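# Examining the three-dimensional arrangement
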Amino acid sequence: MTSTPEPAGTPAAAAGQPLVHLGRVNKHFGALHVLQNIDLDVAKGEVVVVIGPSGSGKSTLCRAINRLETIDDGVIELDGKPLPAEGKALAKLRSDVGMVFQSFNLFAHKSILENVTLGPIKVRGLKKKQAVAEAMELLERVGVATQADKMPAQLSGGQQQRVAIARALAMRPKVILFDEPTSALDPEMVNEVLDVMVSLAKEGMTMIVVTHEMGFARKAADRVVFMADGQIVEESDPESFFTNPQSDRARDFLGKILTH
């Protein structure tokens, strides 16, 4: 059986087209210009780690990509299509863009299994049996399958965050955004979450990760994007960035965090 080639004009037909594209994106909170003319392309299968001091606009950038934050001007595209403003098209976009938050955001009154199956059943229209089978596979993959019948409050922070990753994966997203996924965790739980993220990166999941975990950036990133004061100051491969940063701002930042 031969597969028919995609007609010209479909997103996949555009050779080398980025999966995520931000062009001249601006965002203000009142007088504060939190995103200033941001240009960023992320290729399919690429892991981009966004780092920088607090207040540099990293989380706002992340939240703008699935329209949890609106932008003032500029363009954000996913797979060649501009982000829709509202309605069903926005819900569809959100199912294509997974999000893992700092504070887990699990439904407290639903079991772990229900947390992971809810989206696929309600949004993707999967039958419950299939959704449960896929959810159990994902919970196994992130190492918490034995906790499936428990409530979120019965799990450690590290386990809850791994459930949140399974929940994002259950929607079969094109890209997953991670907004400081380990910053609410006790230090001993950080690695269990980062290990899951490293394995996802190795499997080719497109990921945009806002994090303070420099070890993860060095190990898993294809590209490091350094932000300060609402701007992308520099970007390069991890080795170049950590051993030879080009800007005074990045050198200062790395000097502060890598010496402790």
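Residue numbers restart at each chain and count upward from 1, following the sequence in its written direction. In view of the model being predicted, local features appear only for residues whose pLDDT reaches at least 70, and side-chain atom pairs are presented and counted only at 80 or more, with totals across whole chains, interfaces and linings using the full set of residues. Derived side-chain values reflect all non-hydrogen atoms in the structure, with water molecules and hydrogen atoms excluded from consideration.

Under an unreviewed UniProt entry, the name given to the protein is ABC-type polar-amino-acid transporter, and the source organism is Serinibacter arcticus. The UniProt entry for the protein carries the following text under Sequence similarities (unreviewed entry): "Belongs to the ABC transporter superfamily." Under the heading Catalytic activity (unreviewed entry), UniProt records this for the protein: "a polar amino acid(out) + ATP + H2O = a polar amino acid(in) + ADP + phosphate + H(+)". UniProt positions are given in the numbering used here, feature names are shortened, and annotations may be inferred rather than shown by experiment.

### A few points about the overall build of the protein
Strands here mean DSSP runs of E at least two residues long; helices mean DSSP runs of H or I at least four residues long; both are numbered from the N terminus. The helix and strand inventory of the protein stands at nine helices and ten strands. Radius of gyration here is computed from C-alpha atoms only, and the compact-globule reference equals 2.2 Å multiplied by the residue count raised to the power 0.38. Scaling as 2.2 N^0.38, a compact globule of 260 residues should have a C-alpha radius of gyration of about 18 Å, and the protein matches this with 19 Å. Overall size of the protein, expressed as C-alpha extent along the three principal axes, is 55 × 50 × 45 Å. Residues classed as buried in the protein amount to 50% of the 260 residues present. The contact criterion used is simple: two residues touch if any of their non-hydrogen atoms lie within 4.5 Å. Restricting the contact set of the protein to residue pairs at least 6 apart, pairs at least 24 apart contribute 66%. With residues, only the protein chains shown are counted as cover, and all accessible areas are computed by Shrake-Rupley using a 1.4 Å probe. Accessible area for the protein stands at about 12,900 Å²; split by element, carbon and sulfur atoms hold 51% of it. Positive charges come from Lys and Arg alone, negative charges from Asp and Glu alone, with His and the N- and C-terminal ends not counted. Positions of charges follow a simple convention, taking NZ of Lys, CZ of Arg, CG of Asp or CD of Glu. In the protein, the 29 positive side-chain charges and the 32 negative ones have mean positions that sit 7 Å from each other. For the exposure calls, accessible area comes from a 1.4 Å probe over protein chains only, and a residue counts as buried if that area is under 20% of its type's maximum, exposed if over 50%, partly exposed in between.

### Thoughts on helix H1 (residues 58-65)
Taken across its eight residues, H1 has six buried, putting it largely inside the fold. Arg67, located one to two residues past H1, shows a positive phi value of around 65 degrees.

### Describing empty space enclosed by the protein
Here the idea is plain: a probe the size of a water molecule rolls over the atoms and shows the empty space left. Grid spacing is 1 Å over the protein atoms alone, the probe is 1.4 Å, and a cavity is where that probe fits but cannot get out, while a pocket is an open set with protein on both sides within 12 Å along at least five of seven lines and lining residues have an atom within 4 Å of a point. Grid points are joined across faces, edges and corners, and a volume is the space filled by probe spheres set on the points. For the coordinates displayed, the defined rule picks out one cavity of 30 Å³ or more. Around the largest cavity, the lining residues are Arg141, Val142, Leu169, Val196, Ser199 and Leu200. Examining the composition of the lining of the largest cavity, we find that three residues originate from one element, helix H6 (residues 187-202), more than from any other. Ten residues, namely Ala, Val, Leu, Ile, Met, Phe, Trp, Tyr, Cys and Pro, are considered nonpolar, four, namely Asp, Glu, Lys and Arg, are considered charged, and the remaining ones, Gly among them, are considered polar. Classifying every residue of the lining of the largest cavity gives four nonpolar, one polar and one charged.

### A short note on the packing of aromatic side chains
Note on aromatic pairs: the rings of Phe, Tyr and Trp (six-membered ring only in Trp) are paired at centre separations within 6.5 Å, and the planes decide the class, stacked below 30 degrees, edge-to-face beyond 60, tilted for the rest. All chains considered together, the criterion is met by three aromatic pairs. Taking 5.9 Å as the distance between ring centres and 35 degrees as the angle between the ring planes, the aromatic pair formed by Phe226 and Phe241 counts as tilted. With Phe226 in strand S9 (residues 223-228) and Phe241 in helix H8 (residues 238-243), this residue pair connects regions lying 15 residues apart in the sequence. The pair formed by Phe226 and Phe241 is uniform in burial state, with each residue classed as buried.

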